[in-house]
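In case you want the letters, here they are:
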Amino acid sequence: MIPHLDLRLVNAPYSGELEAAARRVLSSGWFVLGEEVAAFEQEFAAYCGTAHCLGVGNGMDALTLILKAYEFPAESEVIVPAFGYIATVLAVVNAGLVPVLVEPDETTYNPDPGRVAARISSRTRAILTVHLYGKCSDTTALGALARAHGLKLIEDAAQAHGAVFGEKKAGNLADAAAWSFYPTKNLGALGDGGAITTSDDALAERLRYLRNYGSLRKYHNDFAGVNSRLDEVQAAFLRVKLPYLDTENKRRRHVAHRFLTEIINPNLTLPNAVTAERDAWHLFVVRHPQRAFFQEFLLKKSIQTQIHYPVPCHRQPALRSLNLGEFPLTERLHEQVLSLPLNPTLTDEQIDYLIETVNRG
């Protein structure tokens, strides 16, 4: 069986370093907002090219905290993608704001700037874009829209560790960016974790308060904050894995290149290849008009796939009361997408077999 992703294999090359990192934290006796978090924040900010990085509990907290830190008026609107994972929309809701969904560009799956422009109203305060599957959104066009209307542009970079757009890395393409270090990510912790990157000094200062009960001095609380802090053990693990991120992404790009050039199946729609050498390739997502049949065929051939994501946000029971609207393109994409295995642990023999089998499907 070729698994979609085996985290034991992903982390195995670093097991000795990870164990040493855990022992280092254990022997320090300091487990929350200590030297490991501070060091990782410096290292990840430098990697992204931003002035600040703030470690938080997870990726959705990162999005929610950014939105809260801007102190938008109640019921302000935030434009978000209709196509993607529910966490982005939930962050807007949890910040007390109103999500306004937009259909994607059918070739990139990222927000279509033209459709975004059509949804801007007098109540809009921010555009929250997602670099879906590891491909950066068109932040040039979205940034121009944001500036023209006096809006904030926020990146959900949870799937884009190491992705590049123009001359900059993801996380340094907007006013602020939210990151997830969930174990399956290109830069994954061994548990939950997240971060915010920004070069806005004032925003970073406020976020330092908000993630820690609204306090920078113990028992003195200046704001109504929350408890969302990247812990020392996960920060230490991330410090081990960060130096290997570009090497792993290079392998991902190699696998993606082979898939893009060697998969020839008339029933499949392959990912857009225009920016292939700059994408992070968190996922390799194809479309098939008879997805269930194709997925079952691959499983019988010992290839495990996943669906990212089976239910669109506007159809989720949790969001039904918001009356988000109708999004036919999003629904069609959700019915067709299928993620093939793509990760740095795939061997050349497995890649050969994947291509051969997919071409026969």
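Anything mentioned here points back to the structure above.
What this report covers is the structure whose coordinates are included nearby. (Residues numbered from 1 in each chain as written. Predicted model: local features only at pLDDT ≥ 70, side-chain atom pairs only at ≥ 80, totals over all residues. Heavy atoms only, no water.)

**Side note on the overall build of the protein**
Stated formally: The numbering of helices and of strands both runs from the N terminus, where a helix is a DSSP run of H or I of at least 4 residues and a strand a run of E of at least 2. We compute the radius of gyration over the C-alpha atoms and compare it with the globule rule, which gives 2.2 Å times the number of residues raised to the power 0.38. Under the scheme applied here, a residue whose accessible area is under 20% of the maximum for its type counts as buried, over 50% as exposed, and between as partly exposed, the area being computed with a 1.4 Å probe on protein chains only. Pairs of residues are marked as contacts when any of their non-hydrogen atoms sit within 4.5 Å. In short, Shrake-Rupley with a 1.4 Å probe defines the accessible areas, and a residue's cover is counted only from the protein chains shown.
Of regular secondary structure, the protein possesses 13 helices and eleven strands. Here the C-alpha radius of gyration of the protein, 20 Å, is about what a compact globule of 361 residues would show, namely 21 Å. In terms of overall dimensions, the protein has a C-alpha envelope of 65 × 55 × 40 Å along the principal axes. Residues classed as buried in the protein amount to 55% of the 361 residues present. Contacts in the protein between residues far apart in sequence, at least 24 positions, make up 70% of those at least 6 positions apart. Accessible surface computed for the protein: about 15600 Å², of which carbon and sulfur atoms make up 52%.

**Looking at the pattern of salt bridges**
Here is the rule we go by: Salt bridges are identified by distance alone: a Lys or Arg side-chain nitrogen within 4 Å of an Asp or Glu carboxyl oxygen.
Across all of its chains, the model carries 17 salt bridges by this definition. For Arg239, the salt bridge is made with Glu43, and the minimal N-O distance between the two is 2.8 Å. Note that Arg239 is positioned in helix 9 (residues 232–241) and Glu43 in helix 3 (residues 35–48), a separation of 196 residues in sequence. Arg239 gets classed as partly exposed once you look at its relative accessible area, which sits at 27%. Relative accessible area serves as the criterion here: at 29%, Glu43 is assigned to the partly exposed category. With a shortest N-O distance of 3.2 Å, Asp112 and Arg115 are connected by a salt bridge. Taken together, the shared-partner salt bridges connect Arg24, Glu36, Glu43 and Arg239 into one network.

**Notes on the packing of helix 2 (residues 15–28) against helix 9**
Keep this limit in mind: To obtain an axis, a line is fitted to C-alpha atoms, over the contacting stretch when the element is a helix, and the angle between two such axes runs from 0 to 180 degrees between their N-to-C directions. In this scheme the crossing of two helices becomes right-handed for a clockwise turn of the near helix relative to the far one and left-handed for an anticlockwise turn of less than a right angle. Polar here means any residue other than Ala, Val, Leu, Ile, Met, Phe, Trp, Tyr, Cys and Pro, which are nonpolar, and Asp, Glu, Lys and Arg, which are charged; Gly is therefore polar.
Contact pair helix 2 / helix 9: the axes reach a minimum separation of 9 Å and the direction vectors enclose 145°. Viewed along their axes, helix 2 and helix 9 form a crossing whose handedness is right-handed. Mapping the contact onto sequence places Glu17, Leu18, Ala21, Ala22, Arg24 and Val25 in helix 2 and Glu232, Val233, Ala236, Phe237, Arg239, Val240 and Lys241 in helix 9. Split into classes, the residues belonging to the contact of helix 2 with helix 9 amount to eight nonpolar, no polar and five charged.

**Some remarks on the sheet that holds strand 8 (residues 176–180)**
Selection criterion: Only strands that DSSP links by at least two bridges are regarded as paired with each other.
As summarised here, the arrangement of the seven strands in space is 1-9-8-5-4-2-3, forming an open sheet in which the pairing is mixed. Two strands in the sheet have a free side with no partner beyond their single neighbour: strand 1 (52–56) and strand 3 (98–102). Each neighbouring strand pair of the sheet contributes to a mean axis angle of 25°, computed without reference to strand direction. Looking at chain direction, strand 4 (residues 124–130) and strand 5 (residues 152–156) are connected through five bridges and run parallel. Residue Ile127 lies in a different strand from strand 5, and its bridge partner there is Leu153. Its contacts with the sheet place helix 5 (residues 86–94) against strand 2 (77–81), strand 3, strand 4 and strand 5, and it is angled at close to 170° to strand 2.

**Overview of the state of the cysteines**
Rules: Two cysteine sulfurs form what is called a disulfide whenever their separation falls within 2.5 Å.
Per the counting criterion, the structure on display carries zero disulfides. Free cysteine Cys48: the closest other cysteine sulfur is in Cys53, separated by 7.0 Å.

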